[in-house]
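# Structure assessment
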Amino acid sequence: MNYVICSDYLVKGISEIKRRMCLVISNGVIEDIKPYEPKELPRGYEKLNYVGKHTVITHGFASSHTHLGLYPIRSTLLNKLELDAWVKRYVWPWELELRRRPELSYHTALIALKELVSSGVTLVIDMHPNGSEVAKALIKYGVRGNICTPVMEGGAYKSIDESLKENLRLLNEWHGKHELITVGLCPCTVRLASKEAYEKCIELALKYSTNIHTHLSEVVDDIKYTLSKYGKRPAHYLLELGIGKVKTIIAHGVWLTLNEIRALSSPNITLITNPRSNYLLRSGKPQLRHIVKYLNTGLGVDVAPTYNIIDEILFLKFNERWLAPHDMYRLLTEGYRALSIGKGFIDVDEVADVTVWRLNACIGDPLMGVLQGVAKPSLIMVNGAPIYRDDKFKVAYDEFNKSYSTLLDVLTSF
Ligand SMILES: [Zn+2]
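Fair warning: this is a prediction, and the values are worked out from it, not measured in the lab.

By the element assignment, Leu359 lies in strand β16 (residues 354-359). Along the backbone, Leu359 and Pro275 are 84 residues apart, and their C-alpha atoms lie at a distance of 26 Å.

One open sheet holds the 4 strands; their spatial order is β12-β13-β14-β15, and the pairing between them is parallel. A single partner strand is all that each edge strand has here, and the edge strands are β12 (212-216) and β15 (296-299). The sheet shows a mean angle of 30 degrees between the axes of neighbouring strands, direction not considered. In terms of strand pairing, strand β13 (residues 248-252) meets strand β14 (residues 269-273) through 4 bridges, oriented parallel. Across the sheet, Thr248 pairs through a bridge with Ile269, a residue of β14.

Before going further, it helps to examine the domain arrangement of the chain. A common measure of how large an interface is: the accessible area buried when the components associate. With domains assigned, the chain is organised as domain 1 (3-59 + 349-393) and domain 2 (61-338). Using C-alpha coordinates to define each centre, domain 1 is positioned 30 Å away from domain 2. Every contact between the two is made by 23 residues of domain 1 and, on the other side, 24 residues of domain 2. Both faces combined, the contact of domain 1 with domain 2 buries some 2,000 Å², and carbon together with sulfur accounts for 71% of it. Three residues stand out in domain 1 for area buried against domain 2, namely His59, Leu371 and Phe393, and they jointly supply 32% of the buried area on that side.

Time to look at the packing of aromatic side chains. Taken as a whole, this structure holds 11 aromatic pairs when the rule is applied. Pairing Tyr388 with Phe393 gives two aromatic rings, centres 4.8 Å apart and planes at 65 degrees, and the pair type is edge-to-face. Classification of Tyr388 by relative accessible area gives buried; the value is 10%. Residue classification places Phe393 among the buried residues on the basis of a relative accessible area of 10%. Between Phe393 and Phe400 the ring centres are 5.9 Å apart and the planes differ by 75 degrees, which places this aromatic pair in the edge-to-face class. Each member of the aromatic cluster is reached from another via a ring pair, and the members are Tyr141, Tyr388, Phe393, Tyr397 and Phe400. Lying across the ring of Tyr71, Arg74 places its NZ or CZ 3.8 Å from the centre. The cationic tip of Lys114 hangs over the ring face of Phe400; the distance from NZ or CZ to the ring centre is 4.5 Å.

When you tally the buried positions in helix α3 (residues 131-141), you get 8 out of 11 residues, the bulk of the element. Within α3, the full set of buried residues consists of Gly131, Ser132, Glu133, Val134, Ala135, Ala137, Leu138 and Tyr141. Of the residues trailing α3, Gly142 is marked for its positive phi of about 85 degrees.

Moving on to the sheet that holds strand β7 (residues 121-126). Strand order in the open sheet made by the 4 strands is β6-β7-β8-β10, with parallel pairing throughout. Each end of this open sheet is capped by a strand with a single partner; those strands are β6 (61-66) and β10 (181-183). The average undirected angle you get between the axes of adjacent strands in this sheet is 15 degrees. Alignment of β6 against β7, held across 4 bridges, turns out to be parallel.

Before going further, it helps to spend a moment on the coordination of the zinc ion. The zinc ion binds to the protein through His65 (NE2), His67 (NE2), His215 (NE2) and Asp302 (OD); the donor distances cover 2.1 to 2.7 Å. One way to put it: the 4 donor atoms around the zinc ion meet at angles of 82 to 170 degrees, and that makes the site irregular. Taken in sequence order, the residues that donate to the zinc ion follow the motif H-x1-H-x147-H-x86-D. Highlighted residues: His67 in the loop between β6 and α1 (83-100) and Asp302 in the loop between β15 and α11 (309-319), separated in sequence by 235 residues. In this structure, His67 and Asp302 share a single accessibility class: buried.

Rules of the game
Residues numbered from 1 in each chain as written. Predicted model: local features only at pLDDT ≥ 70, side-chain atom pairs only at ≥ 80, totals over all residues. Heavy atoms only, no water. Helix = DSSP H or I, 4+ residues; strand = E, 2+ residues; numbered from the N terminus. Pairing = 2+ DSSP bridges. Axes fitted to C-alpha atoms, helices over the stretch in contact; angles between N-to-C directions. Domains from an automatic or database assignment. Contact = heavy atoms within 4.5 Å. Buried area = accessible area lost by both parts, 1.4 Å probe. Phe/Tyr/Trp six-rings, centres within 6.5 Å; stacked < 30°, edge-to-face > 60°. Buried < 20%, exposed > 50% of the residue type's maximum accessible area, 1.4 Å probe, protein only. Lys NZ or Arg CZ within 6 Å of the ring centre and 35° of its normal. Donors = N, O, S within 2.8 Å, 3.2 Å for Na, K, Ca; no water. Tetrahedral: all angles 85-135°; square planar, octahedral: opposite > 155°, others 65-115°.

Take a look at the structure:
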């Protein structure tokens, strides 16, 4: 199906606001961008006209570092624990349970995506032991995903070998097999994945033309560890192992020095900031001004009390007041550029991943309306197909209810 979508405003490129515009969409791609002329709309396209309804079209957003599987335990971030204590008390026992019953990861992802997608997210870069179940939930919504298995020793895995085999199995099963899904390799973090594990993941990413995804310098212990074991700070250590050779998603970077930030500057490397999890786990505060200046920088919910990407960007804005609207918009769309899924901005020949927002308040700048959280989606489209329309997802409410009750039973006895 091909569409013409018209709206009161359009955010074209990074921050150019245009009045009364239409997107002409065919075969999943934006074929043309035209001023709204009701009598001259092209024939043979379904017309979705939002003009006069106080609406704005933006590109779809990305949550570029996410753990959909941890959604049911998200509120435990409020329990005043620091990262390692929280992981041991809540994350690993929950992941062990999910590995025993993989179908629970499908139900978890199905519910988590409801909140994430409602905030305009059309691309999720995820890390989870049961990636196959996550892929099924993403496809159910029609959302793009880049998935992987955390390659690590500890928690849900007895050895690196076991987790790496699972990541490879996921890659063979899903990478490039569905238009919405790609699979990366995920050496989890320097303290849980060995030097050999990083080297193997980089080698495989090169072989399969895919990305790696890792946590870096989230807590001070990461720095102590690589300094004592390899005599280098974490970024220099990973750069020497070759992360710059492949597309690399780095989560956190809380303790990166300016020297490390400069060294990481590469078209292949994208740093994803996760302000709420860093704050609640008291991990620290990254040098975001330097990070944004030198590195491709995106945003992810990681694990947070809500999986709403607008909550994440607003929290960031309260802590980093210098961020301009176009900086925030760039952070929200960076995952697209990180994975080379187009430019991540609305333009001709770009993928048709777009959201039509209904501005629920009188506001001068429609983009700020979206970023301030006063807008709600009227239409969300991925790859030129509507996935949310007229306040309804493609996923039936019965299915949400089934997933809710399945998880409720498990959580009460967990
Ligand atoms: Zn994480």
